[in-house]
Amino acid sequence: MKKLMMMAVLAIVALRANAQSTLHEIGEITIQPKVGLAIGNLSGKYTYVDDKARLRFGLSAGVEAEYYTNIWLSISAGVNYDQQGWKLDKVTHKLDYLNIPVMANFYVANGLAVKIGLQPGFLLNAREGDIKVKSDYESFNLCIPIGISYEYQNFVLDARSNWGIKRVNKHYDDSDKWRSDLVTFTIGYKFSL
């Protein structure tokens, strides 16, 4: 993960040299409602099962505010409802979160941004199949989101990979450290304030 993050930083620096003017004014604030696909997965150690975790497909929906500090950098913060989780041992583990991504957006070309940040998440609901299991999971999650977006005529296509850095399971020993990872693909529309 360190190598990937270093490569992302180097790519930002290299591409920054070619950055063109942004679509928004310095000091401008935008609001962007968005909706799309959430793809959840399990990472970390899960030694008590023989099966390999599979993806859970769900909904991602939310809103983000973005402040443009200069022609190549903006800061954004949002509130998203994300259906995370995974399938394991023929059971779907449904973990629904209220996520709050805080991102630095590096505009490397007109409308094209590379993003990195920190995303705290709060567990809203947890089910294994039809059984409620919220008490088996930590109520707080933390992820590192890295992504890319493209804006054209105020429509924004966004793709992000969120790596879980905090264990989400409560009642297992140290050999079982589950992390909830997430990939999202969303479309949104920006409104200037």
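What you see is a predicted model; the values in this text were computed from it and never measured.

**Some points on the confidence of the model for the chain**
Confidence along the chain averages 86 in pLDDT terms, with 82% of residues attaining 70 or more. Note that pLDDT drops below 50 for residues 15–21; the model gives that stretch 12 contacts with residues more than four away or on any other chain.

**Examining the pattern of salt bridges**
Two side chains of opposite charge can pair, provided their charged atoms sit close to one another. The full count for this structure, using the stated rule, is seven salt bridges. Among the salt bridges present, the one from E64 reaches R160, with a minimum N-O distance of 2.9 Å. With a gap of 96 residues between them, E64 in strand β2 (residues 54–68) and R160 in strand β9 (residues 155–164) connect regions that are remote in the sequence. The buried category is assigned to E64, whose relative accessible area is 5%. Residue class for R160 comes out buried when judged on its relative accessible area of 4%. Taken together, the shared-partner salt bridges in this structure form one network comprising K34, E64, K115, D158 and R160.

**Here's the deal with empty space enclosed by the protein**
Across all of its chains, the model carries one cavity of 30 Å³ or more by this definition. The volume enclosed by the largest cavity comes to roughly 70 Å³. Surrounding the largest cavity, K34, S60, N80, D82, Q119, D158, R160, N162, L182, T184 and T186 form its lining. Mapped onto the lining of the largest cavity, the elements with two or more residues apiece are β3 (73–88), β9 and β10 (178–189). The residue inventory of the lining of the largest cavity, partitioned by class, reads one nonpolar, six polar and four charged.

**A few points about a nonpolar patch on the surface**
Taken together, the side chains of V35, L59, F155, L157, I187, Y189 and F191 present a nonpolar region at the surface, about 620 Å² in accessible area. For the nonpolar patch, the secondary structure elements donating two or more residues are β9 and β10. Locating I187 in the fold gives a position in strand β10.

**Some words on the pairing of β9**
The sheet contact formed by strand β8 (residues 140–152) and β9 spans 10 bridges and is antiparallel. Paired with C143 across the strands is G164, a residue of β9. Between the end of β8 and the start of β9, which pair antiparallel, lie two residues, with Q153 showing a positive phi angle near 50 degrees. In this structure, β9 lies alongside β10, joined through eight bridges in antiparallel fashion. When the sheet's bridge partners are listed, F155 is paired in β10 with Y189.

**As for the nonpolar core**
Counting 12 residues, the largest nonpolar core is built from L42, A53, W86, L88, L95, Y97, L123, A126, V133, Y137, V168 and W178. Look past the residues within four positions of L95 in its chain and what remains in contact with it is R56, D82, Q83, Q84, G85, W86, L123, N125, A126, Y137 and S180.

**Quick notes on the environment of R160**
Along the backbone, R160 and T184 are 24 residues apart, and their C-alpha atoms lie at a distance of 5.3 Å. The contact partners of R160, leaving out residues within four places of it in the chain, are K34, E64, P101, M103, K115, I146, G147, L182, V183 and T184. There is a polar contact of 2.9 Å between the side chain of R160 and the side chain of E64. In this structure the side chain of R160 is engaged in a polar contact, spanning 3.0 Å, whose partner is the side chain of D158.

Cut-off values and rules
- Residues numbered from 1 in each chain as written.
- Predicted model: local features only at pLDDT ≥ 70, side-chain atom pairs only at ≥ 80, totals over all residues.
- Heavy atoms only, no water.
- pLDDT = per-residue confidence, 0-100.
- Contact = heavy atoms within 4.5 Å.
- Salt bridge = Lys/Arg side-chain N within 4 Å of Asp/Glu carboxyl O.
- Helix = DSSP H or I, 4+ residues; strand = E, 2+ residues; numbered from the N terminus.
- Buried < 20%, exposed > 50% of the residue type's maximum accessible area, 1.4 Å probe, protein only.
- 1 Å grid on protein atoms, 1.4 Å probe; cavity = no way out; pocket = protein on both sides within 12 Å on 5 of 7 lines; lining within 4 Å.
- Points joined across faces, edges and corners; volume = space filled by probe spheres on them.
- Nonpolar A, V, L, I, M, F, W, Y, C, P; charged D, E, K, R; others polar.
- Patch = residues over 30% accessible without salt bridge, like charges linked within 9 Å, V, L, I, M, F, W, Y side chains within 5 Å.
- Areas by Shrake-Rupley, 256 points an atom, 1.4 Å probe, with all protein chains shown as cover.
- Pairing = 2+ DSSP bridges.
- Core = buried A, V, L, I, M, F, W, Y, C linked by side-chain atoms within 4.5 Å.
- Polar contact = N/O pair within 3.5 Å; in protein donor to acceptor, adjacent residues only side chain to side chain.

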